[in-house]
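# Observations on the model geometry
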Amino acid sequence: MLGLMRHTIDVWRPTFSAGQITGYTLTFQNVPSFVQPLSAAEQLFYMQRGIEASHTIYTTQVQDYQREDVAVFTDSTGKEHQFHVNGAQQNLFISYYCQLDCLEWPEEAKKR
């Protein structure tokens, strides 16, 4: 199954102070994974609009992934993507693997 893991991600964990995120710490580096885009939906907010894309990341390195972790992935063109972990579950199908459900807000969709 490791041969199916065509991508690598770095996982950053937020550090908190007084209930606020003050920075991020590199938690896991070069994690073999497979990034699969799922869907995108237009989000409309007061004075803000953009696209919210959901992705699933599969990895055979089962770690202590947590909600609010940020998985950083660099695609083949060199563009960096930040996936915000919304949930993680461990699964067993032929091999033991972990599935990360993530959200991405493309740079163009962030608050203007």
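Everything below is about the structure printed above this text.
As a starting point, this report considers the structure included with it. (Residues numbered from 1 in each chain as written. Predicted model: local features only at pLDDT ≥ 70, side-chain atom pairs only at ≥ 80, totals over all residues. Heavy atoms only, no water.)

### Quick look at the nonpolar core
Note the cut-off: Nine residue types can take part in a nonpolar core, namely buried Ala, Val, Leu, Ile, Met, Phe, Trp, Tyr and Cys, and a core is a set of them joined through side-chain atoms within 4.5 Å. When accessible area is computed with a 1.4 Å probe and restricted to protein chains, residues below 20% of their type maximum are described as buried, those above 50% as exposed, and intermediate ones as partly exposed. Contacts between residues were defined by any pair of non-hydrogen atoms, one from each residue, lying within 4.5 Å.
Judged by nonpolar contacts, the single largest core of 14 residues is most densely connected at Ile9, Val35, Ile57, Tyr65, Phe83, Leu100 and Cys102. Setting aside anything within four residues of it in sequence, one finds Cys102 in contact with Ala53, Ser54, His55, Ile57, Phe83, His84, Val85 and Asn86.

### A short note on the packing of aromatic side chains
Short version of the rule: The aromatic pairing rule takes the rings of Phe, Tyr and Trp, using the six-membered ring of Trp, and pairs them if the centres are within 6.5 Å, calling planes under 30 degrees apart stacked, those over 60 edge-to-face and the rest tilted. Starting at the N terminus, helices and strands are each numbered in turn, a helix being any DSSP run of H or I of at least four residues and a strand any DSSP run of E of at least two.
This structure, assessed with the given rule, holds 2 aromatic pairs. Here Phe73 and Phe83 contribute two aromatic rings whose centre-to-centre distance is 6.3 Å and whose plane-to-plane angle is 25°, an arrangement assigned as stacked. One end of the pair, Phe73, is in strand S4 (residues 70-74); the other, Phe83, is in strand S5 (residues 80-93), with 10 residues separating them in the sequence. The exposure class of Phe73 is buried, given its relative accessible area of 11%.

### Details of the pattern of salt bridges
Going by this rule: Just to be clear on terms, a salt bridge is a Lys or Arg side-chain nitrogen sitting within 4 Å of an Asp or Glu carboxyl oxygen.
Tallying each qualifying case throughout the model produces 1 salt bridge. Residues Arg13 and Asp69 are paired through a salt bridge, measuring 2.8 Å at the closest nitrogen-oxygen approach. Taken as a pair, Arg13 in strand S1 (residues 7-17) and Asp69 in the loop between strand S3 (48-59) and S4 lie far apart in primary sequence, 56 residues in all. Grouping residues by exposure puts Arg13 and Asp69 together as buried.

### Topic: the environment of Pro14
As for its position among the elements, Pro14 is in strand S1. Between the C-alpha atoms of Pro14 and Gln66, which are 52 residues apart in sequence, the distance is 9.9 Å. Dropping the residues within four chain positions of it, Pro14 is found in contact with Ile21, Gly23, Tyr24, Glu68 and Asp69.

### Some thoughts on unusual backbone geometry
Most peptide bonds adopt trans geometry, and most residues besides glycine take a negative phi value. At Asn30, a position not held by glycine, the phi torsion is positive, near 50°. Mapped onto the elements, Asn30 comes out in strand S2 (residues 20-45). In this structure Asn30 comes out as partly exposed when scored by relative accessible area, which is 48%. Its identity is not glycine, yet Glu68 carries a phi of approximately 85°, on the positive side. Mapped onto the elements of the fold, Glu68 is located in the loop between S3 and S4.

So far we have only geometry, and geometry alone does not tell us how the molecule works.
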